[in-house]
Amino acid sequence: MMSKKKKTLVTVASVIMVIATVLGCVVIAQKIPADSVKTTGTTAGSPTTTATTTQSTTTTTTTTTTTTTTTTTTTTTAKPTTTKKKTTTTKKKTTTTAKEEKITTTKYTTTQVYNPDRKAYLESIKGNKKLIALTFDDGPTNNYTVKLLDNLDKYNARVTFFVVGDRVSKYSSTLNRAYKMGNEIGSHTYSHKDLAQLKPAELQKQIEKTNEEVKKVIGVYPSLMRPPYGSYNNTVKSAAGVPIIMWNIDTLDWKHRDKNKVCQNIVKNAHDGAIVLMHDLYGSTVDGAIMAMDKLQHEGYAFVTVSELAYLKGKTLEPGKVYNSIK
Ligand SMILES: [Zn+2]
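Residues numbered from 1 in each chain as written. Predicted model: local features only at pLDDT ≥ 70, side-chain atom pairs only at ≥ 80, totals over all residues. Heavy atoms only, no water.

**Quick notes on the pairing of strand β1 (residues 130-137)**
Right, so step 1: Counting buried positions along β1 gives 7 out of 8 residues, so the element sits mostly inside the fold.
Right, so step 2: Bridge analysis of β1 against strand β7 (residues 301-303) gives 3 bridges, and the strand direction is parallel. Residue pairing in the sheet places Ile132 in a bridge with Phe303 of β7.
Right, so step 3: Relative to strand β6 (residues 274-279), β1 runs parallel, the two sharing 6 bridges. When the sheet's bridge partners are listed, Leu134 is paired in β6 with Val276.
Right, so step 4: In the sheet, β1 pairs with strand β2 (residues 160-163) via 3 bridges, with the strands oriented parallel. Looking across to β2, one finds that Phe136 is bridged to Phe161.
Right, so step 5: The parallel pair β1 and β2, bridged by helix α7 (residues 143-152), forms a crossover whose chirality is right-handed. (Buried < 20%, exposed > 50% of the residue type's maximum accessible area, 1.4 Å probe, protein only. Helix = DSSP H or I, 4+ residues; strand = E, 2+ residues; numbered from the N terminus. Pairing = 2+ DSSP bridges. Right-handed = clockwise from strand over helix to strand, strands pointing away.)

**Concerning the side chain of Glu308**
Right, so step 1: Residue position: Glu308 is located in helix α15 (residues 306-312).
Right, so step 2: For Glu308, the side chain forms a polar contact with the main-chain nitrogen of Thr305, separated by 2.9 Å. (Polar contact = N/O pair within 3.5 Å; in protein donor to acceptor, adjacent residues only side chain to side chain.)

**Remarks on the coordination of the zinc ion**
Right, so step 1: Distances from the zinc ion to its protein donors, Asp138 (OD), His188 (NE2) and His192 (NE2), fall at 2.1 Å.
Right, so step 2: Motif for the zinc ion, donor spacing along one chain: D-x49-H-x3-H. With Asp138 in the loop between β1 and α7 and His192 in the loop between β3 (184-187) and α10 (200-218), this residue pair connects regions lying 54 residues apart in the sequence. (Donors = N, O, S within 2.8 Å, 3.2 Å for Na, K, Ca; no water.)

**Here we look at the confidence of the model for the protein chain**
For residues with low pLDDT, the predicted coordinates do not support detailed interpretation.
Right, so step 1: Mean pLDDT over the protein chain stands at 75; residues scoring 70 or higher make up 65%.
Right, so step 2: The low-confidence segment residues 1-111, where pLDDT is below 50, has 50 contacts with residues more than four positions distant or belonging to other chains. (pLDDT = per-residue confidence, 0-100. Contact = heavy atoms within 4.5 Å.)

**Side note on the environment of Leu149**
Right, so step 1: With respect to the helices and strands, the residue Leu149 is situated in helix α7.
Right, so step 2: Taking the C-alpha atoms as reference points, Leu149 and Met181, separated by 32 residues in sequence, lie 8.4 Å from one another.
Right, so step 3: When neighbours within four sequence positions are excluded, Leu149 is seen to be in contact with Phe161, Thr174, Arg177, Ala178, Met181 and Asn183.

**Side note on unusual backbone geometry**
Right, so step 1: Residue Gly139 is joined to Pro140 through a cis peptide bond whose omega torsion reads 0 degrees.
Right, so step 2: Take Pro140: it is sitting in the loop between β1 and α7.
Right, so step 3: The phi torsion at His192 lies on the positive side, around 55 degrees, for a residue other than glycine.
Right, so step 4: You can call His192 partly exposed: its relative accessible area is 22%.
Right, so step 5: Of note in this structure, Tyr229 is not a glycine but carries a positive phi near 60 degrees.
Right, so step 6: Here Tyr229 is to be found in the loop between α10 and α11 (234-240).
Right, so step 7: Assessed through its relative accessible area of 58%, Tyr229 is described here as exposed.

**Focus: the nonpolar core**
Right, so step 1: Among the nonpolar cores identified, the biggest contains 34 residues, and Ile132, Leu134, Phe161, Ile266 and Phe303 are the most heavily contacted of them.
Right, so step 2: For this core, the element with the most residues is helix α14 (residues 283-296), which contributes 6 residues.
Right, so step 3: Ranked by size, the runner-up nonpolar core spans 21 residues in total, among them Ile125, Ile275, Leu309 and Tyr323. (Core = buried A, V, L, I, M, F, W, Y, C linked by side-chain atoms within 4.5 Å.)

**A look at the pattern of salt bridges**
Right, so step 1: Taken as a whole and judged by the stated rule, the model has 8 salt bridges.
Right, so step 2: Measuring nitrogen to oxygen at the nearest pair gives 2.7 Å for the salt bridge that ties Arg226 to Asp137. One end of the pair, Arg226, is in the loop between α10 and α11; the other, Asp137, is in strand β1, with 89 residues separating them in the sequence. For the pair Arg226 and Asp137, a shared accessibility class is recorded, and that class is buried.
Right, so step 3: Among the salt bridges present, the one from Asp150 reaches Arg177, with a minimum N-O distance of 2.7 Å. Of the two residues, Asp150 is situated in helix α7 and Arg177 in helix α9 (residues 172-181); the sequence distance between them amounts to 27 residues.
Right, so step 4: In this structure Arg177 comes out as partly exposed when scored by relative accessible area, which is 33%. (Salt bridge = Lys/Arg side-chain N within 4 Å of Asp/Glu carboxyl O.)

Structure (C-alpha cells):
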C-alpha cells in the first residue's frame, strides 16, 4: 500500500516538474528537486515525511509566481533574529517609498479644484455672483459640524474644513460625509502646534501624519493647509506641499461665542473673494454662519470652497504660497 502511495507521489511530482518547466519557472524547477530529494532520501519509508513532501510540492505548484515569498520563508527558518532585522529594513524602505510618493501626491492638482457634482452650479454663478469662502478650523466634531453640513444645501453652499489630524479617525464619518458632499478638506496639521517653533523633523511629522489620517478616511490627501494660530515661516512654507490658506475676515468666534456677533462680523465685512475664519467647535459659530448665509444670499453672494473660489477667479493656487483672499 505504501509503495503504491509513493509511486503516485512520484508521478505527481514529475508531472508538476514538467508543468513547471513548461511554464518556464526555471528557478522553481531547480529548487523542487533539491528539496524533495533531500527529504525523500533521509526518511524514505516514513509516511509522515511522505506527507510533508506532498505538501511542499503542492505549495510550490501554487507559488508559481511567488518565488520571492518562498525564498523569504526559507531564510526565516534559518535565522529568526536576522529575519527580524530584515523585516524592519523592509518596513523602513516602504516608508521611504511612501514619502517619495507623498511629495508628488500632496502637490496641488487641478483634479482637487472642485467636486464634479458642483460643476454645473459653478458654471451658472461664474461672473454673476459675489464669492465668499467660509472656512472652519479645529474640527471635525459630531454635533456642530453635522449641523453645519445639514444646512449647506439650502444655500447651495460648500465650505472648507481645516481639520486637526488627531481628531480625524474619531470623527471619520463626519469628515467623510463633508468630503462626499463636495466640501473641501484642508490640513490644520496633527496636534495644533505652533509650526514655526518646531524642528524640521517634528514639522514634517505634523504635516505627514495628518495627510495620512485624512487619506485613510476620504481617499485623498488634504488639498490645502492652514497652520495653527496662522503661524508660519519659510520652513513651514516649503514643507507644506500644498497652498497655505490664511483669511481676511476673522469672526473671533472662539472669543465671544455669540452667534449674533459671528453673523455680524461676516455680513459687515463680506466682500467678493474674501476668506472667513471660523471654528466648528462651537454651536454659536455654526448658528452664526447659517444666519450670515441667510442674509448674504440676498445680497448676491455664493458660498464656495477655497479651491472653487480660486477656480472661479481664474487663479491657480501654488504649493507653499500664502493666500489671505482670492480676488
Ligand atoms: Zn486652530
